[in-house]
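# Chains, contacts and geometry: an overview
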Amino acid sequence: MEWRTMVMLGVDRLDMIKGIRPKILAFENFLEQNPEWRDKVVLLQIAVSTRTDVPEYKKLTGQVHEVVGRINGRFGTLTSVPVHHLDRSLEFHALCALYAVTDIALVTSLRDGMNLVSYEFVACRGSKKVFRSSTVSWCWSNSCKSLEHHRVNCCNMSSFKYAC
């Protein structure tokens with residue numbers, strides 16, 4: 001059987017409570033501790049900017065870009081990078097197509113109400129076997145209570161590996 005790159009996907013507003021930076025740091029930790037996965041997994045992070053004129057959000061954007069650059073510099077090659085980060089939204093059909101090819105959806109809100117990304121992911125899987133895919137949520141996401149999935153502790157980044 002031919003190996004296919006595993007796709008992890010995060011779709012969030014660029015906001016402090018969405019946990020984008022801790023998610024990317026957890027992915028870096030995963031790559032550090034599991035070198036056998038380095039060429040076999042990618043993280044695609046869609047981060048929709050909402051408050052571009054607020055200094056705290058500009059700082060967060062810079063911090064996220066810095067971490068992404070560091071990870072891609074450490075673990076990337078001439079032909080591939082482990083983190084693909086987009087600072088924009090996607091059209092509905094493009095997002096559904098991404099959900100359809102995604103193996104693991106990462107829902108990482110640190111404090112949040114109902115996050116619909118996990119539900120969108122499951123809905124877009126269609127007839128594909130959802131049990132072969134995973135949704136990973138941090139411990140405080142409300143979607144934890146209504147979907148069966150892997151729950152990881154965002155304070156213990158080594159638990160990230162159990163999603164794979």
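Preceding block: the structure.
We now turn to the structure provided with this report. (Residues numbered from 1 in each chain as written. Predicted model: local features only at pLDDT ≥ 70, side-chain atom pairs only at ≥ 80, totals over all residues. Heavy atoms only, no water.)

This paragraph deals with the overall build of the protein chain. Scanning the protein chain from N- to C-terminus turns up four helices and six strands. For the protein chain, the succession of helices and strands along the chain, N to C, is β-α-β-α-β-α-β-α-β-β. Residues counted as buried form 45% of the 164 residues belonging to the protein chain. Taking the intrachain contacts of the protein chain between residues at least 6 apart in sequence as the baseline, contacts between residues at least 24 apart amount to 70%. When the accessible surface of the protein chain is summed, it comes to about 8900 Å², and 55% of that surface belongs to carbon and sulfur atoms. (Helix = DSSP H or I, 4+ residues; strand = E, 2+ residues; numbered from the N terminus. Buried < 20%, exposed > 50% of the residue type's maximum accessible area, 1.4 Å probe, protein only. Contact = heavy atoms within 4.5 Å. Areas by Shrake-Rupley, 256 points an atom, 1.4 Å probe, with all protein chains shown as cover.)

Across the interface, helix 3 (residues 92–101) lies against helix 4 (residues 117–124) with an axial gap of 8 Å and an inter-helix angle of 75°. On the basis of the axis angle, helix 3 is roughly perpendicular to helix 4. Contact with helix 3, carried on its side by L95, C96, Y99 and A100, involves V117, E120, F121 and C124 of helix 4 and no other residues of that element. Grouping the amino acids of the contact of helix 3 with helix 4 by side-chain chemistry returns seven nonpolar, no polar and one charged. (Axes fitted to C-alpha atoms, helices over the stretch in contact; angles between N-to-C directions. Parallel < 35°, antiparallel > 145°, perpendicular 65-115°, else oblique. Nonpolar A, V, L, I, M, F, W, Y, C, P; charged D, E, K, R; others polar.)

Moving on to the pairing of strand 2 (residues 41–48). Among the eight residues of strand 2, seven are classified as buried, and the element is accordingly described as predominantly covered. Sheet topology note: the strand 1 (residues 6–13)/strand 2 ladder contains eight bridges and is parallel. In the sheet register, R13 faces strand 2, and the bridge partner there is V48. Once you follow strand 1 into helix 1 (residues 20–33) and on to strand 2, the crossover reads as right-handed. Viewed along the sheet, the connection from strand 2 through helix 2 (residues 55–75) into strand 3 (residues 83–86) turns out right-handed. (Pairing = 2+ DSSP bridges. Right-handed = clockwise from strand over helix to strand, strands pointing away.)

Covered by surrounding structure in strand 4 (residues 104–107) are I104 and L106 together with A105 and V107, the residues of both alternating faces. Sheet analysis places strand 1 next to strand 4, joined by two bridges and oriented parallel. Bridging across to strand 4, L9 finds its partner in A105.

What follows concerns the packing of aromatic side chains. The tally for this structure, following the rule as stated, stands at two aromatic pairs. Centre to centre, the rings of F27 and F30 are 6.5 Å apart; their planes meet at 25°, and the pair counts as stacked. With F27 and F30 both in helix 1 and three residues apart, the pair spans about one turn of that helix. Residue F27 is classed as buried on the basis of its relative accessible area, which comes to 0%. Note on F30 and W37: the rings are 6.1 Å apart at their centroids and 50° apart in plane angle, and the pair reads as tilted. Classification of W37 as buried rests on a relative accessible area of 17%. (Phe/Tyr/Trp six-rings, centres within 6.5 Å; stacked < 30°, edge-to-face > 60°.)

For the rest of this paragraph, the subject is the nonpolar core. The biggest cluster of nonpolar side chains holds 22 residues, and the ones touching the most others in it are M8, I24, F27, L31, V41, V64 and I71. Mapped onto this core, the elements with two or more residues apiece are strand 1, helix 1, strand 2, helix 2 and strand 4. Apart from residues no more than four positions distant in its own chain, V64 is found in contact with L14, I20, R21, I24 and H85. Judged by nonpolar contacts, the second largest core, of eleven residues, contains L9, L44, A105 and F121. (Core = buried A, V, L, I, M, F, W, Y, C linked by side-chain atoms within 4.5 Å.)

Since the α-helix packs 3.6 residues into each turn, any two residues three or four apart lie on the same face. For helix 4, the set of buried residues is V117, S118 and F121. Taken down its axis, helix 4 places every buried residue within 100° of arc, on the same side. (Arc of directions from axis to C-beta.)

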